Amino acid sequence: MKFTLSWLKDHLETEASVEEIVETLTDLGLEVEEVEDRGARLRDFVIGRVVKAEQHPDADRLRVCQVVTDEGVKQIICGAPNAREGITVVVAKPGVYVPGIDTTIGVGKIRGIESYGMMASERELELSDEHTGIIELPSGEVGQRFTDWLAQHEPSKVDPVIEIAITPNRQDALGVHGIARDLAARGLGKLRTRAVEPVPGAFPCPVAVTIDADALDVAPHFAGRLIRGVRNGPSPAWLQDRLRAIGLRPISALVDITNFFTYDMNRPLHVFDADKVHGTVRVHRAKGGETLLALDERTYTFAPGQTLISDDRGVESIAGIMGGEASGVTEETVNVFLESAWWDPVHTAYTGRDLKINSDARYRFERGVDPDYTLPGLEEATRMVLEICGGEASEVVEAGAPVKTARSYPLDTRRVVSLVGMEIPKAEQVRILTALGFSATGTGDVLEVWVPSWRRDVQGEPDLVEEVARIASLTRLEPKPMRRPRAGVPAPVLTPMQMRERAGRRTLAALGYNECVTYSFIDQVAAALFGGGGDGTRLENPISSEMSHMRPHLLPGLLQAAARNQARGMSDLALFEVGHAFHGGEPTEQHLQAVGVLIGQSGPRDPHGARRPVDVFDVKADAEAVLAAMGAPGKAQILRGGPDWWHPGRHGMICLGPKKVLGVFGELHPRILKAMDVKGPAMAFTLFPAEIPMPKDTGASRGAVTLPEFQAVDRDFAFVVDAGVEAGALVNAAQGADKALIASVAVFDEFVGGSLGKGRKSIALTVRLQPTDRTLTEEEIDAVAAKIVEKVSKATGGTLRG
């Protein structure tokens, strides 16, 4: 929303500077995006006087002028027909940039005679489109800055332009009058109001208007009148200056008047050439298939239900959005039908979006204009048309009725303290609301507040409190610490699961992984690779076809990120993400995962040959480190049987039992990598923080370390088993021989083939026995060893190697 300072002062009686206005607007919630100093580009132009003008000896249309400036007499060659002795002109000296022709003036020769500057026209200074001659000033001192002269005599030419950002809930600020109302309520001046005097109709309006019954919900009120005998020439200079200042191109008096009210009072209007309107003007819903050549010279085809304005021959306008070319006004127009109506905001927005039309009218109607200003706006626009274009107005014709917006809400004046934290006296709250157009009545602390018709955004007591607070200025709000619910050290804010999640993130980052944040939506094909892609997780209204399903796992997003990085030359990757995956469409059908991916080499190149491809044991070590940081028990089993996106022989499940899976690690299946366009091999792990048992001791302190008093005993065993037997099976069996005495079991050697024969291998285990109450005797050690051999033999069919 743009406006000039002088335009604002038409509605606000104030002596405030531009800087004060800008600061106050931002404080009121109308953020100032830019202030354009229109005089800055003209600052180097000065006033001069032509003391002599002679015909150029080698050119019929050029004159050699002697011009007095602040630097003395300058010789300037000029081709303007009005260049003559005795006139006061605007001079651009060498080195001055001329915006209208995008040129910096220099010293040059024109037909053999030197010229030391330029005398400018209005178009060359971007003051207007006038370029038939150079500027002739009625007054001015030689050497005076042209901007100073304009500020004294034509301030609108150098008026500062202020641009503010409008939030969707502040439709009332889409007119200069609404902005002035806010500033007046703050106390920056006095709001100027205009008394709307109805224009008496000289004759009955020959154009009838109707609204179809099925269109009354989207077009409840339509009014207009005929004005005959108008002269549609250029609009006055003041009107052109204002429109040009805010970036609008003056077109004609009638069109400029409607544009003026759009920005002045947030009241879009439309003018039809009445001689091109045939029969009754009818507001109706489209049946579908109708077409219109609009004012933007594009042809639109309408869908059923869209609101149109038609006459007896066909569609003439798109309601609330844009008029038609056929009934548009031209310089030959002498009779016009001036329309003022109210259109439903939501329906207007849908129509404009479907037709892909952006116009000032749509921008305002879809946010909501004042329904009670429909008729007053018509009267004010009629008076301006008569003043500028002449003519004679008919009686007003009307269909429908204004939308009823009268509503009130109770306001407890003490709520300002509880909601905002500011102490504002009741009298001041009443003053603020009254200044904004509200009506507040009542005794005691509770007021009954009636909302004005132009504030459709105010829907309850919190909105009223917001209005009071923003006018009073939130800069007055003093920060105060929140009261603690109880004395002493506050209780932790994070839940145990959130603390576990944070610990996992920090550990993964410390291990060298880079955190990713990927979309929770993926395509159906990728979801199906990881056990998802069903109707239960399909989105009803997806952003795109590539985001059609909720992710069943975090791996697809990480692998897509890895593929993008590989495509850009990044071959060594360590990525992780902590987030939720979804196994159904209900709010409870989600689970937390911590997932990491390792691809490429273990480190950079070095002269010692330490660089190697990452393997399963890298991700196993990282997974165990993260589980330990999240509080998982130290003893866990490694089992097979993970989902089919893992390599069948190169993965393991970290379990506390057959049904308690804490995580999965290993190499991803080549089929998955090919489908995700990832260059493998790729190692990964998936951890389930919610499966980790909560600690029994919730205190912050750690218990004392208990050191064993008795010496541990290590025993080694070598078992010969079939080549297909997993080492983990031997470890698990050995650990189960005596859970009280056996502290740890580890594999330290493997031998395949040789004297063992084909299909056989030897796996060596080291078992540590740790007594807690006495030193073990040789007999006790042998008994445990026998149990170990028995358990392993029974579980794997292995025998002790002789």
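Heads up: these notes are all about the structure in this document. (Residues numbered from 1 in each chain as written. Predicted model: local features only at pLDDT ≥ 70, side-chain atom pairs only at ≥ 80, totals over all residues. Heavy atoms only, no water.)

## A closer look at the overall build of the protein chain
Phase 1: Secondary structure assignment for the protein chain yields 19 helices and 42 strands.
Phase 2: Relative to the compact-globule value of 28 Å for 802 residues, the protein chain shows a C-alpha radius of gyration of 42 Å, a clear excess of over 25%.
Phase 3: Taking the principal axes of the C-alpha coordinates as reference, the protein chain spans close to 130 × 80 × 65 Å.
Phase 4: The buried share of the protein chain, reckoned over its 802 residues, is 48%.
Phase 5: Here the protein chain has roughly 40,300 Å² of accessible surface; of this, 51% comes from carbon and sulfur atoms.
Phase 6: Charge separation in the protein chain, taken as the distance between the mean sites of 89 positive and 110 negative side-chain charges, equals 6 Å. (Helix = DSSP H or I, 4+ residues; strand = E, 2+ residues; numbered from the N terminus. Rg over C-alpha atoms; globule rule 2.2 N^0.38 Å. Buried < 20%, exposed > 50% of the residue type's maximum accessible area, 1.4 Å probe, protein only. Areas by Shrake-Rupley, 256 points an atom, 1.4 Å probe, with all protein chains shown as cover. Lys, Arg positive; Asp, Glu negative; His and termini not counted. Charge placed at Lys NZ, Arg CZ, Asp CG, Glu CD.)

## Regarding the pairing of strand 17 (residues 270-273)
Phase 1: The alternating pattern of strand 17 places His-270 and Phe-272 on one face and Val-271 and Asp-273 on the opposite face, and all of these are buried.
Phase 2: As paired elements, strand 17 and strand 24 (residues 335-342) share 4 bridges and run antiparallel to each other. Looking at the pairing, Val-271 lines up with Leu-338 of strand 24. (Pairing = 2+ DSSP bridges.)

## Quick notes on the pattern of salt bridges
Phase 1: Counting across every chain of the model gives 47 salt bridges.
Phase 2: Glu-380 is the salt-bridge partner of Arg-194, the closest N and O atoms lying 2.8 Å from each other. Here Glu-380 lies in helix 9 (residues 374-389) and Arg-194 lies in the loop between strand 14 (190-191) and strand 15 (209-211), a separation of 186 residues in the sequence.
Phase 3: Under the relative-accessibility criterion, Glu-380 is labelled buried at 14%.
Phase 4: A salt bridge links Arg-415 to Glu-461, with the nearest nitrogen and oxygen atoms 3.3 Å apart. Placement of Arg-415 in helix 10 (residues 415-419) and of Glu-461 in helix 12 (residues 461-472) is noted, with a sequence separation of 46 residues between them.
Phase 5: Note on Arg-415: relative accessible area 29%, which makes it partly exposed. (Salt bridge = Lys/Arg side-chain N within 4 Å of Asp/Glu carboxyl O.)

## Notes on the sheet that holds strand 13 (residues 161-164)
Phase 1: Read across the open sheet, the 3 strands follow the order 1-13-3; overall the sheet is antiparallel. On the outer flanks of this sheet lie strand 1 (2-4) and strand 3 (32-36), each paired with one strand and no other. Each strand of the sheet is rotated relative to its neighbour by a mean of 20°, with strand direction disregarded. (Axes fitted to C-alpha atoms, helices over the stretch in contact; angles between N-to-C directions.)

## Comments concerning the packing of helix 4 (residues 176-186) against helix 12
Phase 1: Between helix 4 and helix 12, the shortest axis-to-axis distance is 9 Å and the interhelical angle comes to 70°. One element, helix 4, and the other, helix 12, form an angle in the roughly perpendicular class. Considering the relative orientation of helix 4 and helix 12, their crossing is right-handed. Here Asp-182, Ala-185 and Arg-186 of helix 4 lie close against helix 12, whose contacting residues are Arg-470, Ile-471 and Ala-472.
Phase 2: Residue composition of the contact of helix 4 with helix 12, grouped by class: 3 nonpolar, no polar and 3 charged. (Parallel < 35°, antiparallel > 145°, perpendicular 65-115°, else oblique. Left-handed = near helix turned anticlockwise from the far one by under 90°. Contact = heavy atoms within 4.5 Å. Nonpolar A, V, L, I, M, F, W, Y, C, P; charged D, E, K, R; others polar.)

## Some details on the sheet that holds strand 39 (residues 713-722)
Phase 1: One open sheet holds the 4 strands; their spatial order is 40-41-39-42, and the pairing between them is antiparallel. Only two strands of the sheet have a single neighbouring strand rather than two, namely strand 40 (742-752) and strand 42 (799-800).
Phase 2: Both strand 40 and strand 41 (residues 760-769) contribute to a ladder of 9 bridges, which runs antiparallel. Residue pairing in the sheet places Ser-744 in a bridge with Arg-768 of strand 41.
Phase 3: Lying over the sheet, helix 18 (residues 727-735) contacts strand 39, strand 40 and strand 41, oriented at roughly 150° with respect to strand 40.

## Let's talk about empty space enclosed by the protein
Phase 1: Per the stated rule, a full pass over the model turns up 3 cavities of 30 Å³ or more.
Phase 2: Considering the residues around the largest cavity, the lining is formed by Val-218, Thr-307, Ala-319, Ile-321, Trp-343, His-347, Thr-348 and Thr-351.
Phase 3: The dominant element in the lining of the largest cavity, judged by the number of residues it contributes, is helix 7 (residues 345-355), at 3 residues. (1 Å grid on protein atoms, 1.4 Å probe; cavity = no way out; pocket = protein on both sides within 12 Å on 5 of 7 lines; lining within 4 Å. Points joined across faces, edges and corners; volume = space filled by probe spheres on them.)

## Regarding the environment of Ala-399
Phase 1: Take Ala-399: it is sitting in strand 26 (residues 397-400).
Phase 2: A C-alpha to C-alpha distance of 27 Å links Ala-399 and Trp-450, two positions 51 residues apart in sequence.
Phase 3: If we ignore the near neighbours within four places in the chain, the residues touching Ala-399 are Val-209, Thr-210, Ile-211, Pro-220, His-221 and Phe-222.

## Re the pairing of strand 38 (residues 682-687)
Phase 1: Burial runs high along strand 38: 6 of the 6 residues are buried.
Phase 2: Because side chains alternate across strand 38, one face comprises the buried residues Ala-682, Ala-684 and Thr-686, and the other comprises Met-683, Phe-685 and Leu-687, equally buried.
Phase 3: In terms of strand pairing, strand 34 (residues 590-599) meets strand 38 through 6 bridges, oriented antiparallel. The partner of Ile-599 across the bridge, within strand 38, is Ala-682.

## Remarks on the layout of surface pockets
Which parts of space are left empty comes out when a probe the size of a water molecule is rolled across the atoms.
Phase 1: Roughly 1,300 Å³ of internal volume is contained in the largest pocket.
Phase 2: Looking at the largest pocket, it is lined by 44 residues, and the ones nearest its centre are Lys-620, Ala-636, Gln-637, Ile-638 and Gly-728.
Phase 3: Of all the secondary-structure elements, those providing two or more residues to the lining of the largest pocket are helix 16 (616-629), strand 35 (637-639), strand 36 (646-657), strand 37 (660-668), helix 18 and strand 40.
Phase 4: Residue composition of the lining of the largest pocket, by class: 24 nonpolar, 11 polar and 9 charged.
Phase 5: By volume, the second largest pocket amounts to about 1,100 Å³.
Phase 6: As for the second largest pocket, its lining consists of 43 residues, of which Ile-251, Val-255, Thr-258, Asn-259 and Leu-295 are closest to the centre.
Phase 7: Taken together, the elements giving at least two residues each to the lining of the second largest pocket come down to helix 5 (237-245), helix 6 (253-264), strand 17, strand 22 (315-318), strand 23 (322-323) and helix 8 (360-365).

## Description of helix 6
Phase 1: Compared with an ideal rise of 1.5 Å per residue, which puts 12 residues at 16 Å, helix 6 spans 16 Å between its outermost C-alpha atoms and is within 8% of the ideal.
Phase 2: Most of helix 6 sits inside the fold, with 11 of its 12 residues counted as buried.
Phase 3: Along helix 6, the residues classified as buried are Ala-253, Leu-254, Val-255, Asp-256, Ile-257, Thr-258, Phe-260, Phe-261, Thr-262, Tyr-263 and Asp-264.
Phase 4: One or two steps after helix 6, the chain reaches Asn-266, where phi turns positive at roughly 55°. (Expected span 1.5 Å × (residues − 1).)

## Quick notes on the packing of aromatic side chains
Phase 1: Scanning all chains against the criterion turns up 9 aromatic pairs.
Phase 2: Relative to Trp-149, the ring of Phe-146 lies with its centre 6.3 Å away and its plane at 15°, an arrangement referred to as stacked. Taken together, the residues Phe-146 and Trp-149, both in helix 3 (residues 146-153) and 3 residues apart, mark about one turn of the helix.
Phase 3: The interplanar angle of 90° and the centroid separation of 5.7 Å between the aromatic rings of Trp-238 and Phe-260 together place this pair among those described as edge-to-face. Of the two residues, Trp-238 is situated in helix 5 and Phe-260 in helix 6; the sequence distance between them amounts to 22 residues.
Phase 4: An aromatic cluster is present here, built from Trp-7, Trp-238, Phe-260 and Phe-261 joined pairwise through their rings.
Phase 5: For Arg-367, the ring lying beneath its charged end belongs to Tyr-363, and the centroid distance is 3.8 Å. (Phe/Tyr/Trp six-rings, centres within 6.5 Å; stacked < 30°, edge-to-face > 60°. Lys NZ or Arg CZ within 6 Å of the ring centre and 35° of its normal.)

## Brief notes about helix 3
Phase 1: Within the sequence span of helix 3, burial applies to Phe-146, Thr-147, Trp-149 and Leu-150. The arc that holds the buried residues of helix 3, viewed along the axis, is 160°, so those residues lie on one side.
Phase 2: Each element contacted by the buried residues of helix 3 is listed here: strand 4 (46-55) and strand 7 (88-92). (Arc of directions from axis to C-beta.)

## Overview of the environment of Gly-143
Phase 1: Note on placement: Gly-143 falls in the loop between strand 12 (118-119) and helix 3.
Phase 2: Note on Gly-143: relative accessible area 23%, which makes it partly exposed.
Phase 3: Between the C-alpha atom of Gly-143 and that of Val-68, which follows or precedes it by 75 residues, the distance is 8.5 Å.
Phase 4: Setting aside residues up to four positions removed in sequence, Gly-143 forms contacts with Val-46, Ile-47 and Asp-70.

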